[in-house]
Amino acid sequence: MASRAVYVHRDPMLKKRDDFEDILEERRHSSDLRYALKCYTPVLYKGLSPCRASELKSMVLQSDQLQYVINQVSKEMGRTAEEVQAEASTILDEMAHRLQISTVRFFAFTLSKIFKTLFRSICVNEEGIQRLQQAIHEHPVILLPSHRSYMDFLLMSYVLYTYDLSVPVIAAGMDFMGMKIVGEMLRMSGAFFIRRSFGGDKLYWAVFSEYVQIMVKSGFAPVEFFLEGTRSRTAKSLTPKLGLLNIVIDPFLKGEVFDISLVPVSISYERVLEEALYARELLGVPKPKESTSGLFKARKVLSEDYGSIHIYFGQPVSVRALAEGKVNRCQFNLTPRHIPRKPGEEIQSFVNDLAYRLVRSQEENMVLTPWVLLAFLLLQNQAVGNERGMSLDELTEQAAWVRDLSRQFGAFLHWPDQLPPSKVVSSSLSLHRGLVRISDGRVQLALGQEMPHSAMTSEEELLNRAVIILSCASYRNQALHLFIRPALLAVAIQAASSNKKQEVYNSFSFLWNMFSNEFILCPGAAVQDFEEACYLLVKSGALQISQQEILVSGRGHRTLAFLANILDPFLEGYQMVCRFLYEATEGLTEKQFVPAVRKFIIKHLLTGRLRYAEVLSSDLQKNALAALLRLGAVQKLKGGEEQGALKVNKVIVNSLEDTLGGKLPTQKALVARL
Amino acid sequence: MASNSSRGSSERHRIAQHRLSVIAGHLQRPLNGDTTIRATECKAQGTRPDVATEMKTVPRRRQEIMKWNGWGYNDSKFIYNKNGQAEFTGKRYRLSGMIIPGLRDWMESTFGATVQHKTPATPVLNTSAVQPPTLNEAFVEGIKSTGIPFSHDPEDRVFRSHGHCLHEIFPLREGKVGRVPDMVVWPKCHNDVVKTVELACKHNVCLIPFGGGTSVSSALECPPEETRSIVSLDTSQMNRVLWIDEKNLTAHVEAGIIGQDLERLLNESGYCTGHEPDSMEFSSLGGWVATRASGMKKNIYGNIEDLVVHIKMVTPRGVIEKSCQGPRMSTGPDVHHFILGSEGTLGVVTEVTMKIRPVPEYQKYGSVVFPNFEQGVACLREVARQRCAPASIRLMDNEQFQFGHALKPQVSSIFTSFLDGLKKFYITKFKGFDPSRLCVATLLFEGDREKVLQHEKQVYDIAAKFGGLAAGEDNGQRGYMLTFVIAYLRDLGMDYFVIGESFETSVPWDRVLDICRNVKARIVQECKDRGVQFQPLSTCRVTQTYDAGACVYFYFAFNYRGLSDPLHVYAQVEHAAREEILANGGSLSHHHGVGKLRKEWMRETVSDVGLGMLKSVKDYVDPNNIFGNRNLL
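Criteria and cut-off values
Residues numbered from 1 in each chain as written. Chains lettered and ligands numbered in written order. Predicted model: local features only at pLDDT ≥ 70, side-chain atom pairs only at ≥ 80, totals over all residues. Heavy atoms only, no water. Buried < 20%, exposed > 50% of the residue type's maximum accessible area, 1.4 Å probe, protein only. Helix = DSSP H or I, 4+ residues; strand = E, 2+ residues; numbered from the N terminus. Pairing = 2+ DSSP bridges. UniProt positions renumbered as here; feature names shortened; annotations may be inferred. Contact = heavy atoms within 4.5 Å. Domains from an automatic or database assignment. Buried area = accessible area lost by both parts, 1.4 Å probe. Salt bridge = Lys/Arg side-chain N within 4 Å of Asp/Glu carboxyl O. Polar contact = N/O pair within 3.5 Å; in protein donor to acceptor, adjacent residues only side chain to side chain. Nonpolar A, V, L, I, M, F, W, Y, C, P; charged D, E, K, R; others polar. Patch = residues over 30% accessible without salt bridge, like charges linked within 9 Å, V, L, I, M, F, W, Y side chains within 5 Å. Areas by Shrake-Rupley, 256 points an atom, 1.4 Å probe, with all protein chains shown as cover. Core = buried A, V, L, I, M, F, W, Y, C linked by side-chain atoms within 4.5 Å. Arc of directions from axis to C-beta. Axes fitted to C-alpha atoms, helices over the stretch in contact; angles between N-to-C directions. Left-handed = near helix turned anticlockwise from the far one by under 90°.

Novice: If you had to explain the pairing of strand β15 (residues 362-370) of chain B to someone new, which residues and values would you point to?
Specialist: On a regular strand, each side chain points to the face opposite its neighbour's, so the side chains alternate between the two faces of the sheet. Residue and element names in this part refer to chain B. Most of β15 sits inside the fold, with nine of its nine residues counted as buried. Of the two faces of β15, the one lined by Tyr362, Lys364, Gly366, Val368 and Phe370 and the one lined by Gln363, Tyr365, Ser367 and Val369 are each fully buried. Of the pairings in the sheet, the one linking β15 to strand β17 (residues 439-447) comprises nine bridges and is antiparallel in character. Across the sheet, glycine 366 pairs through a bridge with leucine 443, a residue of β17. For β15 and strand β18 (residues 469-470), the ladder comprises two bridges, and the chain directions are antiparallel. From the neighbouring strand, valine 368 faces β18, where its bridge partner is alanine 470.

Novice: Which residues make up the UniProt feature "binding site: substrate" (unreviewed entry) in chain B, and what values do they have?
Specialist: Residue and element names in this part refer to chain B. Following the UniProt record, the feature "binding site: substrate" (unreviewed entry) maps to Arg490 here. With respect to the secondary-structure elements, arginine 490 resides in helix α16 (residues 473-495). Sequence-distant contacts of arginine 490, defined by excluding residues within four places in its chain, comprise His164, Cys165, Leu166, Ile169, Val498, Gly500 and Glu501.

Novice: Provide a residue-level description of the domain arrangement of chain B, including the pertinent values.
Specialist: By convention, interface size is frequently given as the accessible area that disappears when the constituent parts associate. Residues and elements named next belong to chain B. On domain assignment, one finds that chain B holds domain 1 (60-109), domain 2 (126-234), domain 3 (239-356) and domain 4 (496-590). Relative placement of domain 1 and domain 2: their C-alpha centres are 29 Å apart. Contact residues are listed per partner, giving 10 residues for domain 1 and 17 residues for domain 2. Both faces considered, domain 1 and domain 2 share a buried interface measuring about 1,200 Å² in area, 57% of it formed by carbon and sulfur atoms. On the domain 1 side of the interface with domain 2, the three residues burying the most area are Arg60, Arg62 and Trp68, jointly 52% of the side's total. In this structure, the connection of domain 1 to domain 2 is made through three salt bridges. Residue arginine 61 is joined to aspartate 156 by a salt bridge in which the shortest nitrogen-to-oxygen separation is 3.6 Å. Here domain 1 is connected to domain 2 by six residue pairs in polar contact (both at pLDDT 80 or more). Taken together, the residues of the side of domain 1 that touches domain 2 sort by class into three nonpolar, three polar and four charged.

Novice: So what's going on with the environment of Trp243(B)? Which residues, and what values?
Specialist: Residue and element names in this part refer to chain B. Position of tryptophan 243 relative to the elements: it lies in strand β8 (residues 241-245). Tryptophan 243 gets classed as partly exposed once you look at its relative accessible area, which sits at 27%. Along the primary structure tryptophan 243 and valine 253 are separated by 10 residues, whereas in three dimensions their C-alpha atoms are 7.1 Å apart.

Novice: I'd love a proper account of the environment of Phe192(A), names of residues and values included.
Specialist: Residue and element names in this part refer to chain A. Structurally, phenylalanine 192 can be placed in strand β5 (residues 191-194). Taking C-alpha positions, phenylalanine 192 is 5.1 Å from alanine 96, a pair spaced 96 residues apart along the chain. Setting aside chain neighbours within four positions, we find phenylalanine 192 in contact with Met95, Ala96, His97, Val169, Ile170, Ala171, Ala172, Phe208, Tyr211, Val212 and Met215.

Novice: So what's going on with a nonpolar patch on the surface? Which residues, and what values?
Specialist: Residue and element names in this part refer to chain B. Where nonpolar side chains cluster on the molecular surface, the patch consists of Val609, Met613 and Leu614 and spans about 290 Å² of accessible area. Structurally, leucine 614 can be placed in helix α19 (residues 602-621). Residue classification places leucine 614 among the partly exposed residues on the basis of a relative accessible area of 31%.

Novice: Which residues make up the nonpolar core, and what are the values?
Specialist: Residue and element names in this part refer to chain A. If you look at the biggest cluster of nonpolar residues, it comprises 115 residues, and the most contacted ones within it are Phe483, Leu489, Leu563, Leu581 and Phe593. Excluding anything up to four places from it in sequence, leucine 489 contacts Val504, Phe508, Phe530, Ala533, Cys534, Leu537 and Leu543. With 114 residues, the next largest nonpolar core counts Ala96, Val141, Ile194 and Leu358 among its residues.

Novice: Please set out the UniProt feature "active site" (unreviewed entry) in chain B residue by residue, giving values where relevant.
Specialist: All names here are of chain B. Mapped onto this structure's residue numbering, the UniProt feature "active site" (unreviewed entry) falls at Tyr553. The exposure class of tyrosine 553 is buried, given its relative accessible area of 8%. Residues within four places of tyrosine 553 in sequence aside, it is in contact with Ser502, Phe503, Glu504, Thr539, Cys540, Arg541, Thr543, His591 and His592.

Novice: Run through helix α3 (residues 137-146) of chain B, naming residues and quoting values.
Specialist: All names here are of chain B. What α3 keeps buried is the set Phe139, Val140, Gly142 and Ile143. Take α3 and look down its axis: the buried residues cluster within an arc of 160°, on one side only. The outward face of α3, more than 90 degrees from its buried face, is lined by the exposed residues Glu137 and Ser145. Check the buried side of α3 and you find it contacts β4 (150-151), β5 (183-185), α6 (190-203) and β7 (230-234). Among the residues trailing α3, glycine 147 stands out with phi positive, at a value near 80°.

Novice: Which residues make up unusual backbone geometry, and what are the values?
Specialist: All names here are of chain B. At glutamate 343, a residue that is not glycine, the phi angle is positive and equals roughly 55°. Residue placement: glutamate 343 occurs in the loop between α11 (336-339) and β13 (348-355). Backbone geometry at serine 607 places phi at a positive 75°, although glycine is not the residue there. Within the fold, serine 607 resides in helix α19. On the accessibility criterion, serine 607 (37% relative accessible area) is partly exposed.

Novice: Describe the interface of chain A and chain B, and please don't skip the residues or the numbers.
Specialist: Tallying the contact residues gives 12 residues for chain A and 13 residues for chain B. Where chain A abuts chain B, roughly 1,100 Å² becomes buried across the two surfaces, and 36% of that area is made up of carbon and sulfur atoms. Of all residues in chain A, Phe258(A), Arg329(A) and Arg337(A) bury the most surface against chain B, accounting for 48% of the area lost on that side. Across the contact surface, chain A and chain B share five salt bridges. Note that Arg320(A) is salt-bridged to Glu580(B), the shortest N-O span being 2.7 Å. Across the chain A-chain B interface, the total number found is 13 residue pairs in polar contact (both at pLDDT 80 or more). Its residues assigned to classes, the side of chain A that touches chain B shows four nonpolar, two polar and six charged.

Novice: How would you explain the packing of helix α11 (residues 243-253) of chain A against helix α15 (residues 345-364) of chain A if you had to name every residue and give the values?
Specialist: Residue and element names in this part refer to chain A. Axis separation between α11 and α15 bottoms out at 11 Å; the angle between their running directions is 120°. Crossing geometry of α11 relative to α15 is assigned as right-handed. Packed against α11, whose contacting residues are Leu245, Asn246, Ile249 and Leu253, the element α15 presents Ile347, Phe350, Val351, Leu354, Ala355 and Leu358 at the interface. For the contact of α11 with α15, the per-class residue count stands at nine nonpolar, one polar and no charged.

Novice: Go over the environment of Asn126(B), please, and point to the residues and values.
Specialist: Residue and element names in this part refer to chain B. Structurally, asparagine 126 is set in the loop between α2 (103-111) and α3. The exposure class of asparagine 126 is partly exposed, given its relative accessible area of 44%. Sequence separation between asparagine 126 and glutamate 276 is 150 residues; the distance between their C-alpha atoms is 36 Å. At 2.7 Å, the side chain of asparagine 126 forms a polar contact with the side chain of serine 128.

Novice: Summarise the sheet that holds strand β10 (residues 390-391) of chain A; cite the residues concerned and give the values.
Specialist: All names here are of chain A. Pairing is antiparallel across the open sheet formed by three strands, whose spatial order is β10-β12-β11. Looking at which strands have only one partner, the edges of the open sheet turn out to be β10 and β11 (436-439). Judged from the two bridges that link them, β10 and strand β12 (residues 442-445) form a sheet pairing that is antiparallel. Of the residues in β12, the one forming a bridge with methionine 390 is valine 443.

Set out below in structure tokens:
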């Protein structure tokens, strides 16, 4: 455990965060129409070379970068440069936004109406807005919101318009474009559309990256995209995608702009509109294709109460400051900068670190509601098989305990301290009455049908229960980032054969490695994470750590049990995936993996041998597979008839299953190999 | 043919006279040349120089005419006069004796430097602050026996202990003196240098060649770790034009001659070298060779490496020179290139054969205003692409344009000021140029009258394509005049809490705009981060064009009131700016050289092997590190 650079602990309790302002408040008292027609004069980038959206296109098509690739492609494919140029132009037409202020105003009007019916409040940290305004003036700005809902980018533009800031141009998935009128409307409000996958298409990549870079360099408008690539169905942050991040910081690395500000934005929903939809999707009911009529069918959501939204604009991150000493920009000195080339290792690892850092700051500034903490307790209670649920008093007592713990861990918790805890708990429960049932003063998840359908098969019944559990888990997941490091440590302490620090670290490091596709754990930061976990648990009084040993204090057992419980469903899920792969027949392909493992798990769940219905989550199953692929326990075969076939190393998979099942210390050889 | 040629030569003489009067504007010859210091004929030199060399600018005791702790002549400096107006004193320059009404406001608005906050320099060198010399007695005896003049007077030694970097001048103003040479010698000719170097090798003393003392790379700083006696070898008395060869258009010159003397002497015969670095009033031919200097008219005449035909250098191993004067040779790597840029680490350049040209018949200044810097750079790039650059073309950014404006001397008539107003109205109102964005290019054309006019039209036509408007000869001429007085201005700044300096780089065309933007922004940011209380001046200009790139000059200055260690802050910011230059594809130096100031970047600049090559040359030529100024490597 060679200690890397001395890790400086900032006390999470001291983390200073801004206050919020409800922007719907004013909307409820003044005319939406006047608001939509207000004088709108956003602060612009000081180096802005003014141009209209339509001019961007010719700038892109005439750029050296694109011309170079067009010539290259035309030579390789034996097509004329004109043909390729025409294709580039078509790609660009399909992609480009047509930002115009009238559409923005239209959205400002309609969204005001909709938001007021859906949400109690939309709270924004105004200091963050001020910082953003400053940043927009100084440097090109990239907005990086968390992605939990379709609402995210509408909300972002709405908030920026409200505060008289430039509305961003937004990288959106092509699926939106399918929605007839809405797609075009979004285009006119600043969305540009990119294909989900275009791996080998050189021309597409060139058009796309040049288009984005020209907007960054010219300071046309803030560029917005989602680091996580897609909406997180589980409310856990997703492993960041690096493609777009690479593209937007490239102008800095090549010296084309002085600096770029990256602004992480955390959008937290008290209730996500897509809540039940996500759970179904995770359980294998495919996601409906985006369509305009589908959107109208979703109208019924309008009649429900979705609580509050908190939008936190984080501290702008200077790419220049972070790249200092990490990236040698001289590497671009010897070839013309318009010739595309793959980023070298140095840049790749820089971008990767940067991306994780940004996602972590998104996580840190997520506002947690009391309900999130209740979700931990209700799920844990359900899992121990307590049929009768918890009494309200007990729940309140435990909630207050978790509240204090989470605050010690630095949670951004929105707990109204002026109210008695019982009030807080009961009002949280009432907002989520679809998920909980209260009877005789006892609370539990609304799992069992009130009137059992005799027609339902046991499998259908199981899936129905799983929908509730996964929905509830998606709230718990909002706070996972807070507990994940101490939780890994708690499990490691339980599993380690002794309380020697080194032993504990070994099992911690194994778990950390295993779960780094599941949670946001920065690559290479195992030691740091271990020390952070130790620090937090010592501070909260759960552990005492000497030079050599880690000891659990008297009152620490409750904390450690709670934390270890958090990881249980994941441990069980990964074990099941290992078991499945161990027993799987030859020739299983990646495509077949999820349905097959789901069937396997349903079978085991029905026999009652598993405690967590959560293991049915396809997200968890895919993450587990990704981890096994990364660790070399499974290999993906390329080419031949068995395209995407999985080759399982049964020995490793089997021993991993054992190790996850709690036999950690005996697996030293394996750990070493990993 | 004969009559033709004699007419040609009298014509040439007339032109030379004309040219003398042109350059007399900014480079007036000294009124009373110090004839007593005129070196007696060096006996070892067989031939008499065939060029009259009566007037020489630089005496052995330089302090008699030059400042010991500032730039240039004692009699020339910017001051605030009794009325609180800025004025340039003396009689040497066109600006001399003139009031500059806009300067004080500019100083106040740009730096927040007010008349109330003054930091005057120590007027006289306190010789007791100079450490006593460590003399190598045997060496001194040896020098005495050769009859080469020498001195260990503190003033002489201090004068040769520095160049003109901020960190060299600033302490002197406060009366602080660091390590200085222990002795100064003034060889009068090549053979004197040979004797001196032999003695130095024999007695193991450290030699530091000194030419004009205008270095801005810490090249003249005595290495503090040097324990041997340090002898400054001042070449200023080796200043004769030994012969002129009209058939081959070359001149053979002693390397200690300074730029203005060289031009003047050649002009008398109707020739010029055309090599005009901004420091040409004081810098020496040997210094140009040793630093790979560049002159503002290099577009016609070339840089120093294009101008030299033959070099003689005295090294500890002996004398290095080529055996003939062939205009180009394929004889392995060019040994001249070991000498060019060697920065005094290998030996002393004693004599140089240089190309000369007839003095041009006609010279014309010009200027063009562009709506913004981007357009200006695009125009320069196009001019370079068409290879039609005038003798000089320089593009100043907006800040420098405003600065140039502030340096306008008081206008003599209401009519001129009316005209100025009209011009301003035309450009900003009628043409819609934004006064806070526009920038100006200054031009200098040279050659036959007809060709110059034709050339001028070609350049103005290109400029028009980039939105450029011709802005008159006056603006152009003033631009070039400023080059010579700007160094004096730093002394005024230092009188009022403002410190600053310039540095340069060369960069490919596609990087010019990026490097200008980024380096300027980096300077501003670094100043802010390091607690500079006032907005710094961070400005640049493109001063040379090449086929594949350009030379960019940065000026950087700030008001240091409120800082405890302004020099350190300055050094950190300059360091950061250089890092930024390198990160943006700029070179370590275009013509200032490396010295000790930029040594740390040599390895990454020329690669490990490159550095090894240079080191092995040093090891062979000077194994005992006699030329121990520790520059470059």
